[in-house]
Structures are given as C-alpha cells and as structure tokens.
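Chains, contacts and geometry: an overview
Spelled out from the first residue to the last, the chains are:
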Amino acid sequence: MDINRAIRVAVDTGKVVLGTKQAVKNVKHGEGQLLIVAGNCAKDVMADLEYYTKLSGVKLFVHDATSLELGAICGKPFPVSALVVMEPGNSSILNLNKE
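- As annotated in an unreviewed UniProt entry, the protein chain is Large ribosomal subunit protein eL30 from Methanococcus voltae.
- Regarding the protein chain, the UniProt comment filed under Sequence similarities (unreviewed entry) reads as follows: "Belongs to the eukaryotic ribosomal protein eL30 family."

1. Quick look at the pattern of salt bridges
- For the structure shown, the criterion picks out one salt bridge.
- With its nearest N and O atoms 3.2 Å apart, the salt bridge here joins Asp12 to Arg8. Highlighted residues: Asp12 and Arg8, both in helix H1 (residues 3-13), separated by four residues, approximately one helical turn.

2. Notes on the environment of Val17
- Considering the arrangement of structural elements, one finds Val17 in strand E1 (residues 15-18).
- Look at Val17 and you get buried, because its relative accessible area is 17%.
- Through-space distance from the C-alpha of Val17 to that of Leu83 is 5.5 Å; in sequence the pair is 66 residues apart.
- In this structure Val17 touches Gln22, Asn26, Ala82, Leu83, Val84 and Met86, once residues within four positions along its chain are discounted.

3. Quick look at the packing of aromatic side chains
- Tallied over the full model, the rule gives one aromatic pair.
- Between Tyr51 and Tyr52 the ring centres are 5.3 Å apart and the planes differ by 65°, which places this aromatic pair in the edge-to-face class.

4. Observations concerning the side chain of Thr53
- Relative to the helices and strands, Thr53 is located in helix H3 (residues 43-56).
- Beyond its immediate chain neighbours, meaning those up to four positions away, Thr53 contacts Val27, Leu35, Val58 and Leu60.

5. Some remarks on the environment of Lys25
- Along the polypeptide, Lys25 turns up in helix H2 (residues 20-28).
- Classification of Lys25 by relative accessible area gives partly exposed; the value is 43%.
- Counting along the chain gives 27 residues from Lys25 to Tyr52, while the straight-line C-alpha distance between them is 9.5 Å.

6. Brief notes about the sheet that holds strand E3 (residues 59-62)
- Pairing in this open sheet of four strands is mixed, and the strands run E1-E4-E2-E3 from one edge to the other. Edge strands, defined here as strands with exactly one partner in the open sheet, are E1 and E3. For this sheet, the mean inter-axis angle between neighbouring strands, taken without regard to orientation, is 20°.
- Across four bridges, strand E2 (residues 34-37) lies against strand E4 (residues 82-87) in antiparallel orientation. Within E4, the residue paired with Ile36 across the bridge is Leu83.
- Along the sheet face, H1 touches E1, E2, E3 and E4 and points at about 100° away from the line of E1.

Conventions and cut-offs
Residues numbered from 1 in each chain as written. Predicted model: local features only at pLDDT ≥ 70, side-chain atom pairs only at ≥ 80, totals over all residues. Heavy atoms only, no water. UniProt positions renumbered as here; feature names shortened; annotations may be inferred. Salt bridge = Lys/Arg side-chain N within 4 Å of Asp/Glu carboxyl O. Helix = DSSP H or I, 4+ residues; strand = E, 2+ residues; numbered from the N terminus. Buried < 20%, exposed > 50% of the residue type's maximum accessible area, 1.4 Å probe, protein only. Contact = heavy atoms within 4.5 Å. Phe/Tyr/Trp six-rings, centres within 6.5 Å; stacked < 30°, edge-to-face > 60°. Pairing = 2+ DSSP bridges. Axes fitted to C-alpha atoms, helices over the stretch in contact; angles between N-to-C directions.

What follows is the structure in structure tokens.
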C-alpha cells in the first residue's frame, strides 16, 4: 500500500483532523480511528500521544516523513505533525497496521 496516497485520499474524501493540539484532544476522548504522527514530532507531544492512544485504543502510526513532508502529502501549505483519521472515506488507510 502506498501510505502517502492513502493519507491524501483520506484527507480528500474522509474526515481528518490536523494538528497536535486537536490530535491530543480527540485521542483523549477516544475519538478517531487512526493517529498518524510525523517522524520529527516533538518528543513531549509524541509521549503524550503514545500515552493517550494506549488508554483510548486509537491506533498509532509513526510516519517516516517530516512534518513539512506530511503537510505536503495532505495538500496543505504548512507543516502537519499529527493527524487523526476520523472517517477514512474512500481510503484504505485503516489497513495500514495490518501490513
């Protein structure tokens, strides 16, 4: 599976929340199906996100891309350190951890 393409399709056709603050908020409440984090995400934010995903049962995927690259993959002109897939739309992104 092409991870970058699956992320882009999820952003275009599904419901995705961008940003670390929103990601922490949604994962704390157990909302969302998959959390994708950039490889260069701040260590303290990453620790919080890992902790809350364990508590809430939301899947976590750490992408190799930097936040600038992840922003470009999402089609945004700004860095994206974290995104939560609420609804995948036409994307097969939820099969990410099964491979």
